[in-house]
Amino acid sequence: MKISLAFFLKIFLLPGFLVAILSGISQNTNPGFQTNDFRQLIAARKVTHIPNAISESSAIAVITPNHIWSLNDAGNTNEIFCFDTTGFMLKEVLVSNASNIDWEDLAVDNQNRMYINDAGNNMNNRHDLKILRIPDPDNLSGNVVQAEVINFTLEDQVQFPPPNSNFNYDIEAIIWKSDSLFLFTKNRCIPQTGICKLYSLPAQPGTYTAKLRDAIFLGTTDKEARVTSADINHLTGELLLLTETKIVSFTDYPGNRFFSGDMVSYYFSNTVGQIEGIAFADNERLYITEEGNDKSGGYLYEVKWKSTNAVQENLAEEFTVSPNPFLDKITIGHSFGKSFATEVFDVAGSLVYQNHDGDKLIDLQFLNPGVYIVEITSGHQRFVKRVVKL
């Protein structure tokens, strides 16, 4: 069943419902589309204290080995800082033509230019979202630089602020890929909907409307669903999103449709602080920064990482739901060869249906139109798919 995105936009005009529709079809009208979310555990090792000058670290980027760039978030100085793994401050750079309204993440392109995300938007009421671009800071001759400015608005935001139930316009995570910037929301909805939205815009100075490209369900709690940073490995293409409890990896996606790839959630096995930044140190290690307090910096963490960790050997076990979108019933297609349980959740995380008998034909005609999460559990494996009920 092929239904265009334009068709949905004409029918569903409720505030915020565009997000739900995009989340359900991921801009992919192929009913066989699936996202498998596997869960694993990882440990974050404390490396060093972040210098006190970066007491509110909210970003991290690594261009040169052992040169770790970071910055402070809202209301602090318009500077970026470089330190090493001993906590020694190597360099401070002032961005002379910018103020720090709410700096929240860093990204680096294929020319080592750095993008400073000034689109933190806790109250979802900003009209002045921007991203600053500066030359490779590792090769600056001085300590002052002027930034090129990318101004933008979000195409689906029409209220400033929106109702609490649609507080999902805070951009705290960005990456660069293929001459574009991709922006990920930190969901502040009350109640929490678990949806992270994905936008894109050109990585060139100017004024743009950031296009809403996709959305994905990350969890039912603030700790699981609120994305605080992102990074991409430009060699392997692996995308990482950071939340308070986990790192979410996306691999094997088509083009720039990250959420259409394989999804793996890595939960922290040890306690970490208020983590706000993530970056690939190399192909086998990640660095994560945490926010400290008013007087001292938090910790720099290291996570052992190999991109091959995100490639699951059991992806041959197919799981499909059809039709998608559906009117009343869905059929579970699989090759498990064993029993499985089916649970269906709404976007607020509430369980609306469960079946532990392995039934393939599921009657959901009692549900209201909207987006739902179908979760299949078979043994120790968990498969997740987003569906739309018309």
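Calculation criteria
Once a new chain begins, its residue numbering starts again from 1 and follows that chain's sequence as written. Note on the predicted model: pLDDT of at least 70 is required for a residue's local features to be given, and 80 or more for side-chain atom pairs to be given and counted; whole-chain, interface and lining totals, by contrast, use all residues. Computation of side-chain values covers all heavy atoms of the structure but excludes hydrogens and water. Runs of H or I in DSSP of at least four residues are treated as helices and runs of E of at least two as strands, each being numbered from the N terminus. Exposure categories follow from relative accessible area, calculated using a 1.4 Å probe and restricted to protein chains: below 20% of the type maximum is buried, above 50% is exposed, and the middle band is partly exposed. Contacts are assigned to residue pairs that have any heavy atoms within 4.5 Å of one another. All accessible areas in this document rest on Shrake-Rupley with a 1.4 Å probe, and a residue is counted as covered only by the protein chains that are shown. A pair of strands is considered paired only if DSSP assigns at least 2 bridges between the two. Residues enter a nonpolar core if they are buried and are Ala, Val, Leu, Ile, Met, Phe, Trp, Tyr or Cys, with the set joined through side-chain atoms within 4.5 Å. Polar contacts, as used here, are pairs of N or O atoms within 3.5 Å; protein pairs need one atom able to donate a hydrogen and one able to accept it. Residues neighboring in sequence count only if both atoms are side-chain atoms. Orientation is described by axes fitted as lines to C-alpha atoms, over the contacting stretch for helices, and by angles from 0 to 180 degrees between their N-to-C directions. Scored between 0 and 100, pLDDT is the confidence that the predictor attaches to each residue. Counted charges follow a simple rule, with Lys and Arg positive, Asp and Glu negative, and His plus the chain ends left uncounted. Any carboxyl oxygen of Asp or Glu that lies within 4 Å of a side-chain nitrogen of Lys or Arg is treated as forming a salt bridge with it. Working definition: a ring pair exists when centres of Phe, Tyr or Trp rings (six-membered ring for Trp) sit within 6.5 Å. Plane angles under 30 degrees give stacked, over 60 give edge-to-face, the rest tilted.

A. Just the overall build of the protein chain, in detail. Helix and strand counts for the protein chain come out as three helices and 29 strands. Classification of the 390 residues of the protein chain by burial places 58% in the buried group. Pairs at least 24 residues apart make up 56% of the contacts formed inside the protein chain by residues separated by at least 6 positions. Here the protein chain has roughly 15700 Å² of accessible surface; of this, 51% comes from carbon and sulfur atoms.

B. Region of the structure containing the sheet that holds strand 6 (residues 89-95). On the basis of which strands lie adjacent, the open sheet formed by five strands has the order 3-4-5-6-10 and mixed pairing. If you trace the sheet from one side to the other, it starts and ends with strand 3 (61-62) and strand 10 (144-145), each paired once. Two elements, strand 3 and strand 4 (residues 68-71), share two bridges in a ladder whose sense is antiparallel. Looking at the pairing, Ala-61 lines up with Trp-69 of strand 4.

C. Focus on the nonpolar core. Counting 20 residues, the largest nonpolar core has Ile-80, Val-95, Trp-103, Leu-106, Met-114 and Ile-116 as its most contacted members. Looking at this core, the elements that each hand over two or more residues are strand 4, strand 5 (79-83), strand 6, strand 7 (105-108), strand 8 (114-118) and strand 9 (130-134). Once you skip the residues sitting within four places of it in the chain, Val-95 turns out to touch Asn-78, Trp-103, Ile-116, Leu-132, Val-145 and Ala-147.

D. Structural view of the side chain of Ser-249. On the secondary structure map, Ser-249 appears in strand 18 (residues 246-251). Here the side chain of Ser-249 touches Glu-238 through a polar contact of 2.6 Å, side chain to side chain.

E. Region of the structure containing the sheet that holds strand 14 (residues 195-202). Read across the sheet, eight strands follow the order 7-8-9-11-15-14-13-12 without closing on themselves; strand pairing throughout is mixed. Unpaired on one side and paired on the other, strand 7 and strand 12 (170-177) mark the two borders of the sheet. Here the average twist between neighbouring strands, direction ignored, is 30 degrees. Summarising the sheet, strand 7 and strand 8 pair through four bridges and their orientation is antiparallel.

F. Expanded view of the confidence of the model for the protein chain. In the predicted model, the protein chain carries a mean pLDDT of 85, and 84% of its residues have values of at least 70. For the stretch residues 1-36, pLDDT sits under 50, and the model shows 86 contacts to residues farther than four places along the chain or on other chains. Across residues 308-317, where pLDDT falls below 50, the model places 20 contacts with residues more than four positions away in sequence or in other chains.

G. The arrangement of the side chain of Asp-84 in detail. Relative to the assigned elements, Asp-84 resides in the loop between strand 5 and strand 6. Look at Asp-84: it is buried, it has no salt bridge, and the nearest opposite charge is Arg-285 at 12 Å. For Asp-84, the side chain forms a polar contact with the side chain of Thr-86, separated by 2.6 Å. At 3.0 Å, the side chain of Asp-84 and the backbone nitrogen of Phe-88 are in polar contact. Excluding residues within four positions of it along the chain, Asp-84 makes contact with Thr-48, Asn-66, Ile-68 and Leu-90.

H. Region of the structure containing the packing of aromatic side chains. Scanning the model with the defined rule gives seven aromatic pairs in all. Residues Phe-182 and Phe-258 carry aromatic rings whose centres are separated by 5.1 Å and whose planes lie at 90 degrees to one another, so their mutual orientation is edge-to-face. Of this pair, Phe-182 sits in strand 13 (residues 180-186) while Phe-258 sits in the loop between strand 18 and strand 19 (262-268), placing them 76 residues apart in sequence. Taken as a pair, Phe-182 and Phe-258 share a single burial class, namely buried. Consider the rings of Tyr-299 and Tyr-301, whose centres lie 6.3 Å apart with planes at 55 degrees: the pair is tilted. Take Tyr-299: its relative accessible area is 23%, and that puts it in the partly exposed class. Connected via pairs of aromatic rings, a cluster forms that spans Phe-182, Phe-184, Phe-250, Tyr-253, Phe-258 and Phe-259.

I. Structural view of unusual backbone geometry. Omega for the peptide link from Phe-160 to Pro-161 comes to 5 degrees, which places this bond in the cis form. The omega torsion across Ser-322 and Pro-323 is -10 degrees, close enough to zero to call that bond cis. Its place among the elements puts Pro-323 in the loop between strand 23 (319-322) and strand 24 (329-334). Phi angles above zero are rare outside glycine, and Ser-178 is one such case at about 55 degrees. One can find Ser-178 in the loop between strand 12 and strand 13. Judged by relative accessible area, Ser-178 falls into the partly exposed class, the value being 44%. Positive phi, close to 65 degrees, is recorded for Asp-179, a residue that is not glycine. Mapped onto the elements of the fold, Asp-179 is located in the loop between strand 12 and strand 13.

J. Layout of the environment of Leu-327. Tracing the backbone shows Leu-327 in the loop between strand 23 and strand 24. The exposure class of Leu-327 is exposed, given its relative accessible area of 57%. Along the primary structure Leu-327 and Val-388 are separated by 61 residues, whereas in three dimensions their C-alpha atoms are 8.7 Å apart. Not counting residues within four places of it along the chain, the set of residues in contact with Leu-327 comprises Lys-389 and Leu-390.

K. Structural detail: the pairing of strand 12. Extensive coverage of strand 12 is indicated by the burial of eight of its eight residues. Looking at chain direction, strand 12 and strand 13 are connected through seven bridges and run antiparallel. Residue pairing for strand 13: Ala-173 is matched across the bridge by Phe-184. With antiparallel pairing between neighbouring strands as the criterion, strand 12 and strand 13 make up a hairpin whose turn holds two residues, including Ser-178 at a positive phi of roughly 55 degrees.

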